[in-house]
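Single-letter residue listing:
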Amino acid sequence: MIPAKTIALSKRLETIAHMVPECDLFTDVGTDHGYLPIWLLSQNICRKACASDINKGPLESAERNALGSGADQDRIAFILSDGLDDVPAPAEGYNVLCIAGMGGPNIRGIMERAGDRLSSYDEYILSPHTGQKELREYLISAGCAIKNERYVTDDEKLYVVIRASRVGSVVPDSSLPDSYFRFGGFVKEALADDTIRAFFVKKRDDLYRIIKEHPDLPVTRHNEIMSEITDYNEVLDIET
């Protein structure tokens, strides 16, 4: 155990941290202040960690936080990188890649640009702020299995954390409903939490309000919103 000062994680980061399996290397893309890899090292959940960020300022902040926590500097590397572009592929072992705090299209772009290097990671912990549907569609089409998802409210916002693993080439299941990609396969469990359910109901009501207040919406956009409303009603078990 690292004799480190306790790193206080937000509810969102705490949820992410508790979804990370024990691993040889934990790579955190977009590490910001480095709280997540530092905490995981302090709990010996990962043997080593790699913290990367596209901006120099946050990366320097992460280094200072690691030093201040007493973390073993031989166990954590800091790399200035756009996504995984300048992050070396990890050595053999059980390796976990985390990409959080950005939109789903950005996460997808990082994973696609990584190419063959992506296969060096056994599991992916992803937390898209937007574009969750598009990210799930990409994961399934790329032959990944979504093993778990958790919704969490933090600072009056709703977040989702996705845990996926690579399982090789598979034929995407065309029978999966649209609501699966929009909300994930574990949404029913999440909706048992009244706070999370309230977020879903508010979002559905906001969509209804858009339809009502903008009767001149283009047909394509109108249909998209109505499809989304249908998905919300389905997972909320609300009859229309």
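Keep in mind that what you see is a predicted model, and the values were worked out from it rather than measured.

K.L.:
Explain the sheet that holds strand β7 (residues 157–166) to me, using residue names and the numbers behind them.
P.N.:
Spatial strand order, β3-β2-β1-β4-β5-β7-β6: 7 strands in an open sheet with mixed pairing. The open sheet is flanked by β3 (76–80) and β6 (144–154), the only strands paired with a single partner. Across the sheet, the axes of successive neighbouring strands diverge by a mean angle of 15°, strand direction being ignored. Pairing between β6 and β7: 10 bridges, direction antiparallel.

K.L.:
Give a detailed account of the nonpolar core, specifying residues and quantitative values.
P.N.:
Generally speaking, nonpolar side chains in soluble globular proteins are found buried as a group. Counting 29 residues, the largest nonpolar core has Ile 16, Phe 26, Leu 40 and Ile 125 as the members making the most contacts within it. When contributions to this core are tallied by element, the ones reaching two or more residues are α1 (11–17), β1 (23–29), α2 (35–42), β2 (46–53), α3 (56–69), β3 and β4 (95–102). Beyond its immediate chain neighbours, meaning those up to four positions away, Phe 26 contacts Val 20, Leu 36, Pro 37, Leu 40, Cys 46, Lys 48, Ala 49, Cys 50, Val 96 and Cys 98. Leu 25, Val 29, Met 111 and Tyr 121 belong to the second largest nonpolar core, which has 27 residues in total.

K.L.:
Can you explain the packing of helix α4 (residues 104–114) against helix α5 (residues 132–141)? Please cite residues and give values.
P.N.:
Axis separation between α4 and α5 bottoms out at 8 Å; the angle between their running directions is 25°. Considered as vectors, α4 and α5 are oriented roughly parallel to each other. In this structure, α4 crosses over α5, and the sense of that crossing is left-handed. Contacts between α4 and α5 involve Gly 104, Ile 107, Arg 108, Met 111 and Glu 112 from the first element and Glu 134, Leu 135, Tyr 138 and Leu 139 from the second.

K.L.:
I'd like to hear about the packing of helix α8 (residues 194–213) against helix α9 (residues 219–236), residue by residue, with values.
P.N.:
Here α8 crosses α9 at 150°, and the two axes come no closer than 10 Å. Considering the angle they form, α8 stands roughly antiparallel to α9. Read as a crossing pair, α8 and α9 show a hand that is left-handed. Of α9, the residues touching α8 (which contributes Arg 197, Phe 200, Val 201, Lys 203, Arg 204, Leu 207, Tyr 208, Ile 210 and Ile 211) are His 222, Ile 225, Met 226, Glu 228, Ile 229, Tyr 232, Asn 233, Val 235 and Leu 236. Residue composition of the contact of α8 with α9, by class: 12 nonpolar, 2 polar and 4 charged.

K.L.:
Can you explain α4? Please cite residues and give values.
P.N.:
Residues Gly 104, Ile 107, Gly 109, Ile 110, Met 111 and Ala 114 constitute the buried set of α4. Close packing links the buried residues of α4 with β1, β4, β5 (123–128) and α5. Once α4 ends, the next one or two residues include Gly 115, with phi positive near 55°.

K.L.:
How would you sum up the pairing of β7? Please name residues and give values.
P.N.:
Sheet analysis places β5 next to β7, joined by 4 bridges and oriented antiparallel. By the bridge assignment for β7, Ile 125 is matched with Arg 163. Hairpin connection between β6 and β7: a loop of 2 residues separates the two successive antiparallel strands, and Asp 155 in this loop has a positive phi of roughly 55°.

K.L.:
So what's going on with the state of the cysteines? Which residues, and what values?
P.N.:
Per the stated rule, a full pass over the model turns up 0 disulfides. A disulfide-free cysteine, Cys 23 has its sulfur positioned 5.2 Å from the sulfur of Cys 46, the nearest such atom.

K.L.:
Requested: an account of the packing of aromatic side chains, with residues and values cited.
P.N.:
For the coordinates displayed, the defined rule picks out 5 aromatic pairs. One aromatic cluster in this structure is built from Tyr 151, Phe 183, Phe 200 and Tyr 232. Positioned over the ring face of Tyr 159 is Arg 12, at 5.5 Å from the centre of the ring.

Reading the values: rules and limits
Residues numbered from 1 in each chain as written. Predicted model: local features only at pLDDT ≥ 70, side-chain atom pairs only at ≥ 80, totals over all residues. Heavy atoms only, no water. Pairing = 2+ DSSP bridges. Helix = DSSP H or I, 4+ residues; strand = E, 2+ residues; numbered from the N terminus. Axes fitted to C-alpha atoms, helices over the stretch in contact; angles between N-to-C directions. Core = buried A, V, L, I, M, F, W, Y, C linked by side-chain atoms within 4.5 Å. Buried < 20%, exposed > 50% of the residue type's maximum accessible area, 1.4 Å probe, protein only. Contact = heavy atoms within 4.5 Å. Parallel < 35°, antiparallel > 145°, perpendicular 65-115°, else oblique. Left-handed = near helix turned anticlockwise from the far one by under 90°. Nonpolar A, V, L, I, M, F, W, Y, C, P; charged D, E, K, R; others polar. Disulfide = S-S within 2.5 Å. Phe/Tyr/Trp six-rings, centres within 6.5 Å; stacked < 30°, edge-to-face > 60°. Lys NZ or Arg CZ within 6 Å of the ring centre and 35° of its normal.

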